[in-house]
Amino acid sequence: MKALVFVETTKGKIKEASLEAIGFAHQIADEVVAVVVGKGVERSLKGVGKAYIYEDDRLEIPLSAPIAKVIEEAQNREKAKYVILSATPFGKELGGRLAALFNAPILDDFTGYENGLFVKGFYSNKVFAKIRIDGDTVVLSPRPKAFKPTDDATEPEYVPLDITLDDSLFAAKLVDVKEKSPEDIDVTEADIVVSGGRGMGSAENFQKWIPALKDALAKATGLKVAYGASRAAVDAGWVDHSHQVGQTGKTVSPLVYFAIGISGAIQHQAGMRTSKVIVAINKDPEAPIFGIADYGIVAKWEDVLPELIEKLKGE
Ligand SMILES: Cc1cc2nc3c(=O)[nH]c(=O)nc-3n(C[C@H](O)[C@H](O)[C@H](O)COP(=O)(O)OP(=O)(O)OC[C@H]3O[C@@H](n4cnc5c(N)ncnc54)[C@H](O)[C@@H]3O)c2cc1C
């Protein structure tokens, strides 16, 4: 069986989540072909024998209508059984478009694959269903961080897609892009997420201590660490909404999730309960977060964070 994987790029840089999608594709298909779209795309792909490439100045930042057209062109040539793309915020938009275009069923945001069945959470991840999905073509969209990139170091042959995209495909215009600083890693892409909630008490506390733990963990582990927040912290204006984890924020599945001064309301859990290891620091032993935590510290964060950060720094 063949899989065609869409590789998402922004300003030419390949998303780590797309490499994970290629890793997943190797579990389900014996031949994996990629399609890369963007402007000035880096040639660093691994784990595929062939990669279609379409470069266009208008796609420096991804747009779904023209990119769907490019994928359609690659799919017309490959006739892959599986069309795969990561369930990033952009991937979620594009996935629906592709399913409609190919008249194919779609399964998005799943977190596991065992013996031909996909594992996907429902009701804010309170139950997990095992799902079989079939069709001549199937669109599959794994959740970022749920699968690992492949170890296969094969470098692809890049095949340019010589097509002209009609201006009408660019009817939706990108108006503004807010740049993040390079150290401001997105919560969905991080190996470790350090989140703070209302229990941090003030903007000053949040902005001092949550980044301090994030930086200490990044230094001590060499992993990608991001900071997140509960909605209460976002609503209080302590941190930008792009960091919110939960039902109306982002969904994360990091190796480790720290919940500090967060009660663990069901809407927050919806965005983080698939984390591999959950560490909670909360002064209330009855806080619901302890119901899903692997490690729990019943204490005021003021008594824990300074010492934890010192230990991480080796002081
Ligand atoms: C439709 C809908 C969508 C929502 N979407 C989201 C969402 O996406 N994300 C989200 O997070 N919420 C969401 N919510 C809100 C959610 O219901 C909770 O209100 C919110 O998660 C609470 O945030 P919190 O845990 O920071 O605050 P609280 O519930 O007030 O909890 C604060 C915690 O801090 C602890 N604490 C206080 N002081 C200290 C201290 N010094 N040291 C240690 N611990 C301390 C307290 O014991 C308490 O457990 C949504 C709600 C609705 C209705």
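My aim in this report is to walk through the structure given alongside it, one point at a time. Each chain carries its own residue numbering, running from 1 in the direction its sequence is written. Residue-level local features of this predicted model are given only where pLDDT is at least 70; pairs of side-chain atoms are given and counted only at 80 or more, and the full residue set underlies all totals for whole chains, interfaces and linings. Remark: hydrogens and water are excluded; side-chain values derive from all non-hydrogen atoms of the structure.

**Examining the sheet that holds strand β11 (residues 138-142)**
- Reading across from one edge, β7-β11-β6-β1-β4-β5-β12 is the order of the seven strands in this open sheet, with parallel pairing throughout. Lying at the two open borders of the sheet, with one neighbouring strand each, are β7 (106-110) and β12 (157-160). Along the sheet, successive strands turn relative to each other by an average axial angle of 20 degrees, direction set aside.
- Sheet topology places β7 next to β11; four bridges connect them, and they run parallel. By the bridge assignment, D108 is partnered in β11 with S141.
- Contacts are assigned to residue pairs that have any heavy atoms within 4.5 Å of one another. Geometry is summarised by axes, namely lines fitted to C-alpha atoms with helices restricted to the contacting stretch, and by angles between N-to-C directions that run from 0 to 180 degrees. Helical segments are the DSSP runs of H or I of at least four residues, strand segments are the runs of E of at least two, and each set is numbered from the N terminus. Sitting on the sheet, helix α1 (residues 16-28) touches β1 (2-7), β4 (31-38), β6 (82-84), β7 and β11, and the angle it makes with β1 is about 175 degrees.
- Lying over the sheet, helix α3 (residues 89-102) contacts β1, β6, β7 and β11, oriented at roughly 165 degrees with respect to β7. Here, a strand pair is defined by DSSP locating no fewer than two bridges between the strands.

**Some thoughts on the site of the ligand**
- Close contacts around the ligand come from 25 residues, with R198, S230, T248, S263 and Q267 the closest.
- Take Q244: an N or O atom from its side chain is 2.8 Å from an oxygen atom of the ligand.
- Polar contact is defined as a pair of N or O atoms within 3.5 Å, subject to the rule that within protein one atom must be able to donate a hydrogen and the other to accept it, and that residues adjacent in sequence are counted only when both atoms are side-chain atoms. Take H268: an N or O atom from its side chain is 2.9 Å from an oxygen atom of the ligand.
- The method behind every accessible area is Shrake-Rupley, applied with a 1.4 Å probe, and residues are considered shielded solely by the protein chains displayed. Protein chains shield 76% of the accessible area of the ligand, which is 980 Å² for the free molecule. A single heavy atom is enough: if one lies within 4 Å of a molecule or strand, its residue is considered near that molecule or strand.

**Quick word on the pattern of salt bridges**
- When a carboxyl oxygen of Asp or Glu is within 4 Å of a side-chain nitrogen of Lys or Arg, the pair counts as a salt bridge. If you walk through the whole model with that rule in mind, you get 19 salt bridges.
- D108 is the salt-bridge partner of K120, the closest N and O atoms lying 3.3 Å from each other. One end of the pair, K120, is in strand β9 (residues 117-122); the other, D108, is in strand β7, and 12 residues separate them in sequence.
- The residue K311 makes a salt bridge to E307 at a minimum N-O spacing of 3.6 Å. Placement of the pair is K311 and E307 together in helix α7 (residues 301-313), with a separation of four residues, close to one helical turn.
- Among the charged side chains, a network of salt bridges with common partners joins K2, K50 and E78.

**Let's talk about the sheet that holds strand β16 (residues 277-282)**
- The sheet built from five strands is open, its strands ordered β14-β13-β15-β16-β17 with parallel pairing. Each edge of the open sheet is held by one strand with a lone partner, namely β14 (225-229) and β17 (295-298). Adjacent strand axes in the sheet meet at a mean angle of 15 degrees when their direction is disregarded.
- Across the sheet, α7 lies against β15 (256-260), β16 and β17, angled at about 125 degrees from β16, the strand it touches most.

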